[in-house]
Amino acid sequence: MRLIDTHTHLDFPDFDADRDRLLTNAAARGVERMMVLGVYQANWQRVWDLVCGEQRLFAALGLHPVYLDQHRPEHLAQLRAWLERLRGDPRLCAVGEFGLDYYLPELDKERQQALFEAQLQLACDFDLPALLHVRRSHAQVIATLKRYKPARAGIIHAFAGSYEEAREYIKLGFRLGLGGAATWPQALRLRKTLPRLPLESVVLETDAPDMAPVMFPGERNSPEHLPEIAHALAEVMGIDAERLAQISSRNACELFGW
């Protein structure tokens, strides 16, 4: 089974003790490429250094809404400067992780929206995919995407919306990132939606170290778990796991230009 993990945070300190072992084991289990996403200005260099030292890793840089209080106006200018400097470098594949989070009430919606739109514009300006965090904000994200119409589209990370919302994203050219959440029996709506999704719209992810699948409850999530996640998702979708791995990997390669 050959797999691509489209969403990790392997730069996080959770992996400092055993990152090399993890990467070797993930590769041995068929995980050929992994995206590492920046979430605030202070970790972009760490992400980039990690990616430059490991050929199976690729980078995205962005300003995540959950870290809203850490972001400063100058960070947007610095993000543009990073994207300009790395333009054409095959290791930089996307803008992300950014988006809207309406789950946490302390996050100002207007500030989030301004930051979301500024980064969408960057994705458009640099012709890069957008890797989006969307939590309880599908309607607003969809409305914004319809205004900007990014040519490379991107991925809706950890998709957990309705089938109707999925259709709207797919019409806009976005892929839906599926990972550990749908392996849990409690995710009733998502598990009903998955079999209805066109396989051409699906990519796989872990969100490591977060969103552990049901097989590893309470553990640090890892790209090493992607084969088990793929098997569990394929069962929910009613398809062969090898087919899901093959098509989702092809989708990721098409999106990132690999």
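Going by what an unreviewed UniProt entry lists, the protein is known as TatD family deoxyribonuclease and is assigned to Pseudomonas guariconensis.

Let us look at the UniProt feature "binding site: a divalent metal cation 1" (unreviewed entry) in the protein. In the numbering used here, UniProt assigns the feature "binding site: a divalent metal cation 1" (unreviewed entry) to His 7, His 9, Glu 97 and Asp 207. In sequence the annotated residues extend across 201 residues, while in space they remain close, none of their C-alpha pairs exceeding 11.0 Å. Annotated residues from the preceding list that form part of the lining of the largest pocket: these are His 9, Glu 97 and Asp 207. When residues no more than four places from it in sequence are discounted, the contact partners of His 9 are Phe 15, Leu 37, Val 39, Glu 97, Asp 207, Ala 208 and Pro 209. Inspection of the secondary structure assignment puts Glu 97 in strand β4 (residues 92-101).

Take the environment of Arg 21 next. One can find Arg 21 in helix α1 (residues 19-28). Taking relative accessible area as the criterion, Arg 21 reaches 42% and is therefore assigned partly exposed. Taking the C-alpha atoms as reference, Arg 21 lies 17 Å from Cys 52; in sequence the two are 31 residues apart. In this view, Arg 21 contacts Arg 220 and Glu 224; residues no more than four positions away in its chain are not counted. At 3.1 Å, the side chain of Arg 21 and the side chain of Asp 18 are in polar contact.

Another point: the UniProt feature "binding site: a divalent metal cation 2" (unreviewed entry) in the protein. Sites flagged by UniProt as "binding site: a divalent metal cation 2" (unreviewed entry) map to His 133 and His 157. Across 25 residues in sequence, these annotated residues keep their C-alpha atoms within 5.6 Å of one another, forming a single compact spot. Lining residues of the largest pocket drawn from the annotated set just named are His 133 and His 157. On the secondary structure map, His 133 appears in strand β5 (residues 130-135).

How each quantity is defined
Residues numbered from 1 in each chain as written. Predicted model: local features only at pLDDT ≥ 70, side-chain atom pairs only at ≥ 80, totals over all residues. Heavy atoms only, no water. UniProt positions renumbered as here; feature names shortened; annotations may be inferred. 1 Å grid on protein atoms, 1.4 Å probe; cavity = no way out; pocket = protein on both sides within 12 Å on 5 of 7 lines; lining within 4 Å. Contact = heavy atoms within 4.5 Å. Helix = DSSP H or I, 4+ residues; strand = E, 2+ residues; numbered from the N terminus. Buried < 20%, exposed > 50% of the residue type's maximum accessible area, 1.4 Å probe, protein only. Polar contact = N/O pair within 3.5 Å; in protein donor to acceptor, adjacent residues only side chain to side chain.

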